[in-house]
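What the coordinates show
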Amino acid sequence: MEKIWTEMYEAAKAVLSERRISEYVTCGEVSAAILSKSGKIYTGVCIDTNSTLGICAERNAIFNMITNGEHEIDKVLCILPDGSNGAPCGACRELMVQIMAGKYHDIEIMLDYSTGRTVKLGEITPEWWI
């Protein structure tokens, strides 16, 4: 497994911290790290609200990347509440497809950090509408 995955895992783990913001908002149950094409790691946590105004950790990390002037994604890793990893949801996939239309197929996603299993976004999101 490439060393960068360990750096991304550690970055995501550092912000993973479940907490209640108010009686309506929780956050930090899931965390994510995005590696931009420039080689910088951006992190984010999920924010859950009672009114569906929340956001997934992956999209939060992507927005952090965009806020910092970048828009090309190389790799994605998330840590779920049980400590495992998983594929981004449909909304996160859709955002990545739209940000990197024509180039999203090669975004690499960590599915299982313990075994080093990865998949390309194009494999799990084939023939998207764009």
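A quick note: this is a predicted structure, and the numbers were derived from the prediction, not measured. (Residues numbered from 1 in each chain as written. Predicted model: local features only at pLDDT ≥ 70, side-chain atom pairs only at ≥ 80, totals over all residues. Heavy atoms only, no water.)

Describing the nonpolar core
By size, the foremost hydrophobic cluster in this structure holds 22 residues, and its most contacted members are Ile34, Ile62, Ile73, Val76, Met96, Ile107 and Leu121. For this core, the elements supplying multiple residues, two or more each, are β2 (25-36), β3 (41-49), α2 (57-67), β4 (73-79), α3 (90-99) and β5 (108-112). Considering each element in turn, this core owes the most residues, 4 residues, to α2. Dropping the residues within four chain positions of it, Ile62 is found in contact with Ile34, Ile73, Leu95, Met96 and Ile99. Counting residues in hydrophobic clusters, the runner-up holds 11 residues, among them Ile4, Tyr9, Ala33 and Leu35. (Core = buried A, V, L, I, M, F, W, Y, C linked by side-chain atoms within 4.5 Å. Buried < 20%, exposed > 50% of the residue type's maximum accessible area, 1.4 Å probe, protein only. Helix = DSSP H or I, 4+ residues; strand = E, 2+ residues; numbered from the N terminus. Contact = heavy atoms within 4.5 Å.)

As for the side chain of Lys75
By secondary structure assignment, the location of Lys75 is in strand β4. What makes Lys75 buried here is its relative accessible area of 6%. A polar side-chain atom of Lys75 sits 2.7 Å from a polar atom in the side chain of Glu108. Setting aside residues no more than four positions away along its own chain, Lys75 makes contact with Glu2, Ile4, Trp5, Met8, Ala33, Ile34, Leu35 and Glu108. (Polar contact = N/O pair within 3.5 Å; in protein donor to acceptor, adjacent residues only side chain to side chain.)

Observations regarding the pairing of strand β6 (residues 117-120)
By the bridge criterion, 4 bridges tie β5 to β6 in an arrangement that is antiparallel. For Asp112, the partnering residue across the bridge sits in β6 and is Arg117. With antiparallel pairing between neighbouring strands as the criterion, β5 and β6 make up a hairpin whose turn holds 4 residues, including Gly116 at a positive phi of roughly 80°. (Pairing = 2+ DSSP bridges.)

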